[in-house]
Each structure stands twice: as structure tokens, then as C-alpha cells.
Amino acid sequence: MNAAPDPGAAAAAAAGWCAARLAGIPAAERTIVILTGAGISAESGLATFRGPDGLWEGHRVEDVATPEAFARQPELVHRFYNERRRRLQRVQPNAGHVALARLARGWPAPVHLITQNVDDLHERGGAPSVIHMHGQLTQLRNRVTGEILEWSGDCWESTPCPRSGATGQLRPHIVWFGEAILETEAIDAALERPALFLCAGTAGAVWPAAGFAGLARERGAAAIEFNLEPTQISDRFHRVVRGAAGETLPAFVDALLDGV
Ligand SMILES: NC(=O)c1ccc[n+]([C@@H]2O[C@H](COP(=O)([O-])OP(=O)(O)OC[C@H]3O[C@@H](n4cnc5c(N)ncnc54)[C@H](O)[C@@H]3O)[C@@H](O)[C@H]2O)c1
């Protein structure tokens, strides 16, 4: 009987494969692009987007993550994001976040960390810079002026904007379904010529992020997926590492930093 594959060993083997691919590229040109999704924060205790019941923290996505939902029931949407913001204050980054931060700090070429996550666990795990393409829980936006505010407490329709003094103007600075992603210039620049594309904890169901792996490969990148399960985009990757990101990413990063 074969033993179950060890995720750490599989991750280290994938790093060895990457090191061999990168060997012919000058060190300063070995740009890495990393895309993360809700799965990387799951081991910290934050629910992923669609649980086994198809709901996000008990809600249908259309009821809490669309502009129409906010127009219809602003207090319900505020309450949902207030709960997410409060929960975020009670959780900590995990070994996956810390490993990616170690990679970004120790790698000889640029490392662009793009996240679909709205939490701040990459930053708190030590990542030097993070591209938040779907916004952040710790920010609000004034719908009238467009101003972005750092925010740690609750927000309701009755909460006055600290700048304008008016109520009913603040909303979560979150990209909802049907809205344009943020940071497009930084993302385009990052994806211009990556040598390595790493994708961790995303189901590959939300666009345009789901298209980044294919784009990176077309542009010559070696592409590796880290996920517990097969995803809608697994076939875009050269290598797939199955397992929990908190186990596979540290093993991968250690082996990659050792081997190149
Ligand atoms: N933490 C957050 O910020 C958070 C949480 C929930 C939803 N979201 C939103 O969800 C949307 C995108 O969906 P998504 O693709 O990022 O998430 P998703 O919930 O659709 O998919 C999560 C993926 O992570 C995988 N996964 C779960 N636990 C894992 C682990 N421990 N290690 C490795 N993989 C694991 C699952 O198999 C799945 O493929 C984004 O718009 C994002 O803003 C963010």
C-alpha cells in the first residue's frame, strides 16, 4: 500500500522543479508574482468565500456583496462587513502568510503579492507590500467624494463621515460583484514578465483574477498552484501542490530560497 503523499515533500519537490526552470535566468530577472485567495486565510480562522453550504458566513453572496444589495439593504450589508472587521481583529496571520513574506524579503528579484483577500493578514505576517485587488476591510470609501478612510470600528448608515460630517455616505471599500477591480496599473505591471507565478488558496472562480495564471504562462512564467483541492483553473499550472497552505508554502519557500 502506498503512503499518502506528504504535502511538505511535494512542495519542496515543486520548489526544486522551479529552481531548475529559473536556473538560466539572471537572478535579478527572476520576478515572482503571487496570487492569493480566501484559502490562505482559512487556517487563521476566516471563512472562505463559498462554504460547503454555498454561503459566505451564512449569507448568499448576492445579498451582501453586490452594489444592488447595498442599495436595497444597506444596514444588512454594513452589519455583515462590521462582523468581518471585528472578526479580523481576533485572528492572526498563519504560517502561509509568514512564508510568503519571507519569500518577498529574501528573493533577489521583485516579488509582487496580489491578493483577492480583503483581510490584512499578509501585512501583519510581514509582507513588505501587498496589492489588494478587491479592497480592504479596514478601509471605507465616501460614496460622494471618493475619499478612502482607514477604519477599525463599526460603520452604519447613521455614521457621519469624519471629513464631510454627512451621514449615509460611507460604504465598505470592497469590490463587489459587478464592480471594477482596484490597482489595475500595479497588476498590469506585475504581470508584464513574471518568471514564476504562484497561486495559493483561490478557487479560480472570480474574474479577472482567475485569468492571471493563463496570462503569466503565456508570458513565459513557470506556474504552480497550492490548494487543498482541484480548482477550476488547476489545468493552467505546470505543477499543483495539494495540501494546506500553512504547511505547503513554508516548505516550498524554504526549499526555493535554499535552492536558487
Ligand atoms: N479572507 C478574506 O479576505 C476573504 C474571505 C472570504 C471571501 N473573500 C473574497 O472571496 C473572493 C474570491 O474567492 P477565492 O477564490 O479567494 O476564495 P474561495 O472561497 O472561492 O476559494 C477558496 C479556495 O481555497 C482553498 N482552500 C481552503 N482552505 C485552504 C487551505 N488551508 N490551504 C490551501 N487552500 C485552501 C479551497 O479549496 C478553495 O479552492 C474574493 O473576492 C475575496 O475578496 C475574502
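Calculation criteria
- Residues numbered from 1 in each chain as written.
- Predicted model: local features only at pLDDT ≥ 70, side-chain atom pairs only at ≥ 80, totals over all residues.
- Domains from an automatic or database assignment.
- Contact = placed C-beta atoms within 7 Å.
- Nonpolar A, V, L, I, M, F, W, Y, C, P; charged D, E, K, R; others polar.
- Buried ≥ 20, exposed ≤ 12 C-beta atoms within 10 Å, placed from the backbone.
- Helix = DSSP H or I, 4+ residues; strand = E, 2+ residues; numbered from the N terminus.
- Pairing = 2+ DSSP bridges.
- Right-handed = clockwise from strand over helix to strand, strands pointing away.
- Near = placed C-beta within 6 Å.
- Axes fitted to C-alpha atoms, helices over the stretch in contact; angles between N-to-C directions.
- Parallel < 35°, antiparallel > 145°, perpendicular 65-115°, else oblique.
- Left-handed = near helix turned anticlockwise from the far one by under 90°.
- Expected span 1.5 Å × (residues − 1).
- Arc of directions from axis to C-beta.

A. View of the domain arrangement of the chain. Under the domain assignment, the chain is made up of domain 1 (1-45 + 92-134 + 181-260) and domain 2 (47-90 + 135-174). Summarising the inter-unit geometry, the C-alpha centres of domain 1 and domain 2 are found 28 Å apart. Listed per partner, the contact involves nine residues of domain 1 and eight residues of domain 2. A per-class count over the side of domain 1 that touches domain 2 returns four nonpolar, three polar and two charged.

B. Spotlight on the pairing of strand E7 (residues 196-200). Across the five residues that make up E7, a large majority, five, are buried. In this sheet, strand E8 (residues 222-227) lies alongside E7 in parallel orientation, the contact comprising five bridges. Its bridge partner being in E8, Ala 200 is matched across the sheet by Phe 226. In this fold, the crossover linking E7 to E8 by way of helix H8 (residues 212-218) has right-handed handedness.

C. The arrangement of the site of the ligand in detail. For the ligand, the set of nearby residues contains 27 residues, the closest of which are Gly 37, Gly 39, Thr 48, Phe 49 and Asn 117. By residue class, the composition of the shell around the ligand is twelve nonpolar, eleven polar and four charged.

D. Structural view of the sheet that holds strand E5 (residues 148-150). Strands sit in the order E5-E4-E6 across an open sheet of three strands; the sheet is antiparallel. Bordering the open sheet on either side are E5 and strand E6 (170-174), each of which pairs with just one other strand. Averaged over all pairs of adjacent strands, the angle between their axes in this sheet comes to 45°, without regard to strand direction.

E. Expanded view of the packing of helix H5 (residues 95-106) against helix H9 (residues 245-259). In contact at an axis separation of 7 Å, H5 and H9 are set at 20° when each is read in the N-to-C sense. Considered as vectors, H5 and H9 are oriented roughly parallel to each other. Relative to H9, H5 is oriented so that their crossing is left-handed. Contacts between H5 and H9 pair Ala 95, Gly 96, Ala 99, Leu 100, Arg 102, Leu 103 and Gly 106 from the former with Ala 245, Gly 246, Leu 249, Pro 250, Val 253, Leu 256 and Leu 257 from the latter.

F. Examining the environment of Ala 213 more closely. Within the secondary structure, Ala 213 is located in helix H8. Measuring from C-alpha to C-alpha, the distance between Ala 213 and Arg 21 comes to 17 Å, with 192 residues separating the pair along the chain. Here Ala 213 is in contact with Phe 197, Cys 199, Ala 223, Ile 233, Arg 236 and Phe 237, once residues within four sequence places are set aside.

G. Spatial organisation of helix H1 (residues 7-22). End to end, H1 covers 22 Å across 16 residues, agreeing with the expected 22 Å (1.5 Å per residue, within 8%). Every buried residue of H1 is accounted for by Pro 7, Ala 11, Ala 12, Ala 14, Ala 15, Cys 18 and Leu 22. Down the axis, H1 shows its buried residues gathered within 155° of arc, on one side only. The secondary structure elements touched by the buried residues of H1 are E7, E8, strand E9 (239-242) and H9.

H. Quick look at the environment of Trp 156. Assignment of secondary structure puts Trp 156 in the loop between E5 and E6. Beyond its immediate sequence surroundings of up to four residues, Trp 156 is in contact with Glu 75 and His 78.

I. Structural context of the sheet that holds strand E2 (residues 111-115). Taking strand neighbours across the sheet as the criterion, the six strands line up as E3-E2-E1-E7-E8-E9 in an open arrangement whose pairing is parallel. Where the open sheet ends on each side, the last strands, each with one partner, are strand E3 (131-132) and E9. Judged from the five bridges that link them, strand E1 (residues 32-36) and E2 form a sheet pairing that is parallel. Counted as the bridge partner of Ile 34 is Leu 113 from E2. Lying over the sheet, H1 contacts E7, E8 and E9, oriented at roughly 160° with respect to E9.

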